[in-house]
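Structural overview for review
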Amino acid sequence: MGYSRYNVGILSSVLVHPGFRRAMGYPTASEKGVITAIYYLGTWVSYIFISHPVSDRLGRRYAALTGIVVVAIAIALESGARAYAMMIVGRIISGLGIGMVSTSVPLYQR
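Attention here is on the structure that accompanies the text. (Residues numbered from 1 in each chain as written. Predicted model: local features only at pLDDT ≥ 70, side-chain atom pairs only at ≥ 80, totals over all residues. Heavy atoms only, no water.)

Observations regarding the packing of helix α3 (residues 29–58) against helix α4 (residues 60–79)
Put simply, the rule reads: Angles shown run from 0 to 180 degrees and are taken between the N-to-C directions of axes, each axis being a line fitted to C-alpha atoms and, for helices, limited to the stretch in contact. Only runs of H or I of at least four residues qualify as helices and only runs of E of at least two qualify as strands under DSSP, and these elements are numbered from the N terminus. For classification purposes, angles smaller than 35 degrees are called roughly parallel, those larger than 145 roughly antiparallel, those between 65 and 115 roughly perpendicular, and all remaining angles oblique. Each helix crossing is assigned a hand: it is left-handed if the near helix lies turned anticlockwise from the far helix by less than a right angle, otherwise right-handed if that turn is clockwise. Any two residues whose heavy atoms approach within 4.5 Å at even a single point are treated as in contact. Each residue is assigned to one class: nonpolar for Ala, Val, Leu, Ile, Met, Phe, Trp, Tyr, Cys and Pro, charged for Asp, Glu, Lys and Arg, and polar for all the others, Gly among them.
At their nearest, the axes of α3 and α4 sit 7 Å apart, and the two run at 125° to each other. As summarised for this structure, α3 and α4 are arranged oblique, according to the angle between their axes. The two elements α3 and α4 cross, and the hand of that crossing is right-handed. Facing Val 54, Ser 55 and Leu 58 of α3, the residues of α4 in contact are Arg 60, Tyr 62, Ala 63 and Thr 66. Across the contact of α3 with α4, the residue classes break down as 4 nonpolar, 2 polar and 1 charged.

Topic: the side chain of Glu 78
Note the cut-off: Exposure is judged per residue with a 1.4 Å probe applied to protein chains only, and the accessible area is read against the type maximum: over 50% gives exposed, under 20% gives buried, and values in between give partly exposed.
With respect to the helices and strands, the residue Glu 78 is situated in helix α4. On the basis of relative accessible area, Glu 78 is assigned to the buried category, the value being 13%. When residues no more than four places from it in sequence are discounted, the contact partners of Glu 78 are Met 87, Gly 90, Arg 91 and Ser 94.

Points about the pattern of salt bridges
Formally: The rule for a salt bridge is simple: a side-chain nitrogen of Lys or Arg has to be within 4 Å of a carboxyl oxygen of Asp or Glu.
This structure, assessed with the given rule, holds 1 salt bridge. Linking Glu 78 and Arg 91 is a salt bridge whose minimum nitrogen-to-oxygen distance equals 3.7 Å. Of the two residues, Glu 78 sits in helix α4 while Arg 91 sits in helix α5 (residues 84–104), which places them 13 residues apart along the sequence. Arg 91 matches Glu 78 in its accessibility class, with the two residues each being buried.

Topic: the nonpolar core
In plain terms, the rule: As used here, the term nonpolar core means buried Ala, Val, Leu, Ile, Met, Phe, Trp, Tyr and Cys residues forming a set that is joined through side-chain atoms within 4.5 Å.
Listed in full, the 9 residues of the largest apolar core are Leu 11, Leu 15, Phe 20, Met 24, Ile 35, Ile 38, Ala 81, Met 87 and Ile 88. Elements with a minimum of two residues in this core: α1 (2–15), α3 and α5. Among residues more than four places away in sequence, those in contact with Met 24 are Ala 81, Arg 82, Ala 83, Tyr 84 and Met 87.

In structure tokens form, the structure reads like this:
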């Protein structure tokens, strides 16, 4: 879960950055809250519905690799987001990928 905490922690400094605020159309406090919280919806969906079947089908290593690829795509979406909806989609996809990684890498399973 280390990356998950880092992802949410670093986001706090991004949410107040003037460039981010301008690109997102000056989001309200509730919109910022949704940007932060929607990530956990993605991880929950991944934990419950996606991680286990992907790990069973691909094996632990390739499931982790798949999760990393999904996270890379999500980070690209988040980085290039010029609209609130695009940021939300990126955060959900990022959560899906981290859910796969954190359930398939033994280091995270304490």
